[in-house]
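# Overview (structure and organization)
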Amino acid sequence: MKLALGPLLYYWDNEKVNAFYDAIAQSPVDIVYLGETVCSRRHLLRLDDWLEVAQKLSDAGKEVVLSTQTLIESESDLKTLRKITGNGNFRVEANDMGAVRLLANHMPFVAGPTLNIYNPQTLQLLAEMGATRWVMPVEMSGAALSEMLQSRPANMETEVFAYGRLPLAFSARCFTARHHNLQKDDCQFRCLDYENGLTLKTREGQPFLTLNGIQTQSARVYNLLGELEELRATGVDVVRVSPQAYHSEKILHLFHETLEQRIPPSLALTQMEKLMPELPCNGYWHGKPGLDFIPQPALARSA
Amino acid sequence: MQPETKKFELVCPAGSLPALKTAVDNGADCVYMGFRDDTNARNFTGLNFDLNNAREGVRYAHAKGRKVLLALNTYPQTSGWQRWTSAIDNAAELGMDAVILADPGLMKYATKTHPELRLHLSVQGSATNYEAINFYHEHFGIRRAVVPRVLALAQVEQLMANTPVEIELFGFGGLCVMVEGRCALSSYATGESPNTCGVCSPPKAVRWQETASGLESRLNGILIDRYGKDENTGYPTLCKGRFDVAGETYYAIEEPTSLNTLELLPELMRMGVAAIKIEGRQRSPAYVAQVTKVWREAIDACRRNTEQFVVKPAWMNELGKVSEGQQQTLGAYYRPWK
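Treat the numbers as computed from the prediction; the structure is a model and nothing was measured.

Thresholds applied
- Residues numbered from 1 in each chain as written.
- Chains lettered and ligands numbered in written order.
- Predicted model: local features only at pLDDT ≥ 70, side-chain atom pairs only at ≥ 80, totals over all residues.
- Heavy atoms only, no water.
- Axes fitted to C-alpha atoms, helices over the stretch in contact; angles between N-to-C directions.
- Helix = DSSP H or I, 4+ residues; strand = E, 2+ residues; numbered from the N terminus.
- Parallel < 35°, antiparallel > 145°, perpendicular 65-115°, else oblique.
- Contact = heavy atoms within 4.5 Å.
- Nonpolar A, V, L, I, M, F, W, Y, C, P; charged D, E, K, R; others polar.
- Buried area = accessible area lost by both parts, 1.4 Å probe.
- Salt bridge = Lys/Arg side-chain N within 4 Å of Asp/Glu carboxyl O.
- Polar contact = N/O pair within 3.5 Å; in protein donor to acceptor, adjacent residues only side chain to side chain.
- Pairing = 2+ DSSP bridges.
- Domains from an automatic or database assignment.
- Phe/Tyr/Trp six-rings, centres within 6.5 Å; stacked < 30°, edge-to-face > 60°.
- Buried < 20%, exposed > 50% of the residue type's maximum accessible area, 1.4 Å probe, protein only.
- pLDDT = per-residue confidence, 0-100.
- Right-handed = clockwise from strand over helix to strand, strands pointing away.

## Quick look at the packing of helix 2 (residues 17-25) of chain B against helix 3 (residues 51-63) of chain B
Axes are the key here: two packed helices are described by the angle between their axes and the distance separating the axes. Residue and element names in this part refer to chain B. Remark: helix 2 packs on helix 3, axes separated minimally by 10 Å, with the N-to-C direction vectors making an angle of 10 degrees. In terms of orientation, helix 2 and helix 3 fall into the roughly parallel class. Together, L17, L20, K21, V24 and D25 of helix 2 and N53, E56, G57, Y60 and A61 of helix 3 make up the contact between the two elements. Of the residues in the contact of helix 2 with helix 3, the class split is five nonpolar, two polar and three charged.

Take a look at the structure:
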């Protein structure tokens, strides 16, 4: 299985972004998804800046994929989208059917996790349009994936979101701006203050969700490190790690070492505990509520 | 231009045969309904239509010159593909005027198997721009798209200028603050979501509990809200609870409120919106009657004299009575809401 780094979901300043990807260039990751997928107001890095990062990573031997914005509303959003789909160099991850329209039958593309591919018929359709990899919806279970892949189209890779706070929902409203009693149009770019998002807790103090601008994430960290062998057996080709403000390289390293079977998953999980911003969850994979954490009995025994 | 575009259809919800008849009797141009399973996004116990009820509903509506639309707007799951395709076959056989779909695979089945069947793109298809809508038009010939409740009016107008597809907008009812089809909050908390199971914050996961600190509503054990003695309680839809963000407790995502766009009617008509949709298949026939009646009156008044149209306080009063949390909003159509 290959290791991928998903698109950066938070808003960091340029210095942090550049330093982050400099480190990623040296990491054992195979594929890097780049670009702003959450909010068009986050413009510290323009498309040209992202393309520079892309070139740097490509030169370092990484497969680079440009990810498109998930919620596309305005004509200027569409302009950016067309520039990305027409970049002529890097493969594109389509996160909206508008992007699929621009890519279909023009160039091979990655069908992103928000395209809602829940059945083999839709997967087949996207394959016919030129998708060569698809990213499973985060809420899909391992059992459902297994059924999906029984009739997998030829030349179609399967990628699974395997680490990070889960991107669960998108809205026209900005919840970070709302927290500051600001309107989205005058958000003062408050997302810059929350490099891992802003935690939403229940009134009894249970971390529940993470506000990240117009995106809502889980508070818990989805982590399938303990399920990697199961993923491999199901036919998954790529596992995705989602960037976080700290320790991303260490997390990629632990995933890599586990995939290479140089370290047992139980040990990797223990080492990862201190690197996660919140407790782990893995319920979706097991067909349960996403926030559940099902300890792996096999791992517990070997630990 | 099709005549029905000019007609500005009023599309009303029916969760049962009595609700359907009520909607027709009170002036709905179209009624939309779902079958009694997870093929639609209001998959609640005791709600929706079996084949006999559906047949009677279609007969009743057609006898009065109204249309019936079938919502098949969840995403077929791997294990149940046939359930969705049978629903399409049944829709064609029953003479439904259109089916409302979200899944491209299912659209392909419909166009191949029943080329005469009219397809609408569901709000669950998350099409928020004309490139996306035109994608569904080119590949599956969709004739109408229901646009997610996230666009400002100017954005809707821009979109309409760039697509041959008719546009239907939500006018009234429970407001989704998230883009429909792009929200897995419910499955994160309970295991079931609109995309996978046709439910959001499902009733079976809800618990109410009287405690020393107030009445608590929980969803699969997660505290969604806690009410003081004099506070109105609301259904614990998880995005409408009160939560703690950085030490401040408030409706961090959305207040319990209903969308109400009555005052936008002249603008919507001027823009050439094809239809206005009322949310609430899970609501009672009494709700359907009240809301349909007010909207019928308002649309007729607006059509008679668009320039002079004013919203009657009595209408707002009637709609206010059936609104969630007794509050109403223009939602994203009004830009500062964002």
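Past the structure itself, the notes keep going.
## Overview of the interface of chain A and chain B
With 64 residues of chain A at the interface, the matching set in chain B holds 68 residues. Of all residues in chain A, R101, R173 and R203 of chain A bury the most surface against chain B, accounting for 14% of the area lost on that side. The interface formed by chain A and chain B contains nine salt bridges. Here E131 of chain B and R101 of chain A are joined by a salt bridge, their closest N and O atoms 2.6 Å apart. For the interface between chain A and chain B, the tally reads 43 residue pairs in polar contact (both at pLDDT 80 or more). Per element, the largest residue contribution to the side of chain A that touches chain B is six residues, and it comes from helix 5 (residues 120-129) of chain A. Across two bridges, strand 7 (residues 157-171) of chain A lies against strand 8 (residues 178-183) of chain B in antiparallel orientation. Bridge assignment links S171 of chain A to a residue of strand 8 of chain B, and that residue is M178 of chain B.

## Some details on the domain arrangement of chain B
Residues and elements named next belong to chain B. Domains assigned within chain B are domain 1 (3-175 + 257-337) and domain 2 (185-250). For the pair domain 1 and domain 2, the summed buried area comes to about 860 Å², and 44% of that belongs to carbon and sulfur atoms. In this structure, the connection of domain 1 to domain 2 is made through zero salt bridges. The residue inventory of the side of domain 1 that touches domain 2, partitioned by class, reads four nonpolar, seven polar and three charged.

## A few points about the packing of aromatic side chains
Here the distance between the centres and the angle between the planes together describe a pair of aromatic rings. Here the structure, examined in full by the defined rule, presents 14 aromatic pairs over all chains. Relative to Y21 of chain A, the ring of F20 of chain A lies with its centre 5.0 Å away and its plane at 85 degrees, an arrangement referred to as edge-to-face. Like Y21 of chain A, F20 of chain A is buried. Judged by centre distance (6.3 Å) and plane angle (25 degrees), the ring pair of F208 of chain A and Y188 of chain B falls under stacked. Here F208 of chain A is found in strand 9 (residues 207-212), whereas its partner Y188 of chain B is found in helix 8 (residues 185-190) on a different chain. There is no split in this pair, since F208 of chain A and Y188 of chain B are both buried. Aromatic rings pair up to connect W12, F20, Y21 and W50 of chain A into one cluster.

## Some thoughts on the confidence of the model for chain B
For chain B, per-residue confidence averages 93 on the pLDDT scale, and 97% of positions sit at 70 or higher. In this model residues 1-5 of chain B is a low-confidence stretch, pLDDT under 50, and it forms 12 contacts with partners more than four residues away in sequence or in other chains.

## Topic: the pairing of strand 2 (residues 31-34) of chain A
Residue and element names in this part refer to chain A. Every second residue of strand 2 is oriented toward a common face, with I31 and Y33 on one face and V32 and L34 on the other, all of them buried. Here strand 1 (residues 2-5) pairs with strand 2 via two bridges, running parallel. What sits directly across from A4, in strand 2, is I31. Note that the unit made of strand 1, helix 1 (residues 14-25) and strand 2 has a crossover that is right-handed. Of the strand pairs in this sheet, strand 2 and strand 3 (residues 63-67) are connected by four bridges, and their pairing is parallel. Its bridge partner being in strand 3, V32 is matched across the sheet by V64. In the classification by handedness, the crossover that spans strand 2, the intervening helix 2 (residues 47-59) and the parallel strand 3 is right-handed.

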